[in-house]
Amino acid sequence: MKMQSNHDSLFIMLATLYSVLVLSSSQDFDFFYLVQEWPGSHCDTEQGCCYPTTGKPASDFGIHGLWPNYNDGSYPSNCNSSNSFDASKISDLISRMQLEWPTLSCPSKDGLKFWGHEWKKHGTCAESILDQHAYFETTLKLKNKINLLHALEGAGIQPNGQMYSLESITSAIQVASGYTPRIQCNNDTSGNSQLHEISLCVDSMASDFIECPVLPNGRSCGSSVEFPSF
Ligand SMILES: *[C@@H]1O[C@H](CO)[C@@H](O)[C@H](O)[C@H]1NC(C)=O
Ligand SMILES: *[C@@H]1O[C@H](CO)[C@@H](O)[C@H](O)[C@H]1NC(C)=O
């Protein structure tokens, strides 16, 4: 009987060890992109924009999303359709989200559809570490750790409709934050390349910024980029 129970406890110990190792090594994703958008570049396009029903957003970068990503550049999406967006879970965050995570799609909306889309497509893929409230709260917290507009303005890069070198934009963020950003551009109505989105990478616990494991360089940006006013 003594032997038997030793066997049992050894088995339980090994099974526990195995599940701990497997659980901690099998990751749903490798890191996050924190993606922020310049509203002026959303609006200054062929399709234009519509201000949220809550009013014109501040002249500042707004959150697009916090996106789980793999080191190979691909990403998971729509990971759990049962975990649907529930605005009542984030009622304490809504007023901050209206300011810092504004929707600009047409027709004008209050933001819930945009946030619901971000949760469904990206947030559900990180539900192992962030529940719905934590997903939105953490994203707001990360945005506020690094002020992108201050970083650019500190280097003399202002949203005034002028052209700036892509290199100077990248370098301004690098100097201010310590991390290399991913810059994405779109085209204004006259076809000028303009500063649209800036992404920084965040570790897999969503706790702090990291250097990006994978960084497609300046996708769709010209070497010279317009920074439109808003
Ligand atoms: C999906 O979401 C539901 C509802 O929140 C939850 O009960 C379930 O555990 C989730 N599924 C997975 C695989 O995590
Ligand atoms: C911007 O316009 C150029 C051509 O003028 C085109 O090659 C490029 O794909 C456009 N970029 C976007 C993001 O639409």
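Thresholds, definitions, all that
Residues numbered from 1 in each chain as written. Chains lettered and ligands numbered in written order. Predicted model: local features only at pLDDT ≥ 70, side-chain atom pairs only at ≥ 80, totals over all residues. Heavy atoms only, no water. UniProt positions renumbered as here; feature names shortened; annotations may be inferred. Helix = DSSP H or I, 4+ residues; strand = E, 2+ residues; numbered from the N terminus. Expected span 1.5 Å × (residues − 1). Buried < 20%, exposed > 50% of the residue type's maximum accessible area, 1.4 Å probe, protein only. Contact = heavy atoms within 4.5 Å. Core = buried A, V, L, I, M, F, W, Y, C linked by side-chain atoms within 4.5 Å. Near = heavy atom within 4 Å. Polar contact = N/O pair within 3.5 Å; in protein donor to acceptor, adjacent residues only side chain to side chain. Areas by Shrake-Rupley, 256 points an atom, 1.4 Å probe, with all protein chains shown as cover. Phe/Tyr/Trp six-rings, centres within 6.5 Å; stacked < 30°, edge-to-face > 60°.

Of the comments in the UniProt record for the protein, the one headed Sequence similarities (unreviewed entry) reads "Belongs to the RNase T2 family."

**Comments concerning helix H5 (residues 132–145)**
Here H5 contains 14 residues, and its C-alpha end-to-end distance of 20 Å stays within 8% of the 20 Å for a straight helix at 1.5 Å per residue. All buried positions along H5 are accounted for by Gln132, Ala134, Tyr135, Phe136, Thr138, Thr139, Leu140, Leu142 and Lys143. Its buried side turned inward, H5 meets strand S1 (31–37), strand S2 (62–69), helix H3 (94–100), helix H4 (112–121), strand S5 (193–202) and strand S6 (209–210).

**Describing the nonpolar core**
Core analysis: the largest hydrophobic core is formed by 47 residues, its most contacted members being Phe61, Phe136, Leu152, Leu195 and Phe227. Residue contributions to this core peak at 5 residues, all from H5. In this view, Phe136 contacts Phe85, Ile90, Leu93, Met97, Trp101, Trp115 and Trp119; residues no more than four positions away in its chain are not counted. Core analysis: the next-biggest nonpolar cluster, separate from the first, contains 7 residues, Phe31, Tyr33, Cys212 and Val214 among them.

**Focus: the side chain of Glu226**
Inspection of the secondary structure puts Glu226 in strand S7 (residues 224–227). Among all residues touching Glu226, those that are not within four sequence positions of it are Asp44, Gly161, Gln162, Met163, Asp188, Asn192, Ser193, Gln194 and Leu195.

**Description of the site of ligand 2**
What surrounds ligand 2 is the set Cys185, Asn186 and Asn187. A distance of 2.3 Å is found between an oxygen atom of ligand 2 and a side-chain nitrogen or oxygen belonging to Asn187. Contact with the protein chains covers 30% of the free accessible surface of ligand 2, which is 360 Å².

**Some details on the UniProt feature "active site" (unreviewed entry) in the protein**
Per the UniProt annotation, the sites labelled "active site" (unreviewed entry) are His64, Glu118 and His122. A compact arrangement is adopted by the annotated residues: their sequence extent is 59 residues, whereas the largest C-alpha distance between any two is 11.1 Å. Other than its neighbours up to four places away in sequence, His64 contacts Val35, Gln36, Trp101, Phe114, Glu118 and Glu197. Positionally, His122 belongs in the loop between H4 and H5. Classification of His122 as buried rests on a relative accessible area of 3%. For His122, the residues in contact, after removing those within four places along its chain, are Leu66, Trp67, Pro68, Tyr75, His117 and Tyr135.

**Some remarks on the packing of aromatic side chains**
Here the structure, examined in full by the defined rule, presents 12 aromatic pairs. Pairing Trp38 with Phe227 gives two aromatic rings, centres 4.9 Å apart and planes at 65°, and the pair type is edge-to-face. In this pair, Trp38 is assigned in the loop between S1 and helix H2 (39–43) and Phe227 in strand S7, connecting sequence segments 189 residues apart. There is no split in this pair, since Trp38 and Phe227 are both buried. Ring plane angle 85° and centroid distance 5.1 Å describe the contact between Tyr135 and Phe136, whose orientation is recorded as edge-to-face. Here the two residues Tyr135 and Phe136 agree in accessibility, since each one is buried.

**What about unusual backbone geometry?**
Geometrically, the link from Cys106 to Pro107 is a cis peptide bond, its omega value of -10° lying close to zero. Its location among the elements puts Pro107 in the loop between H3 and H4. In this structure, Asn78 takes a positive phi of about 45° despite not being glycine. Examined against the element boundaries, Asn78 turns out to sit in the loop between S2 and H3. At Ala206, a position not held by glycine, the phi torsion is positive, near 60°. By the element assignment, Ala206 lies in the loop between S5 and S6.

**Concerning the site of ligand 1**
Surveying the vicinity of ligand 1 reveals the residues Asn80, Ser82, Asn83 and Glu127. One of the side-chain N or O atoms of Asn80 is found 2.3 Å from an oxygen atom in ligand 1. A distance of 2.8 Å is found between an oxygen atom of ligand 1 and a side-chain nitrogen or oxygen belonging to Glu127.

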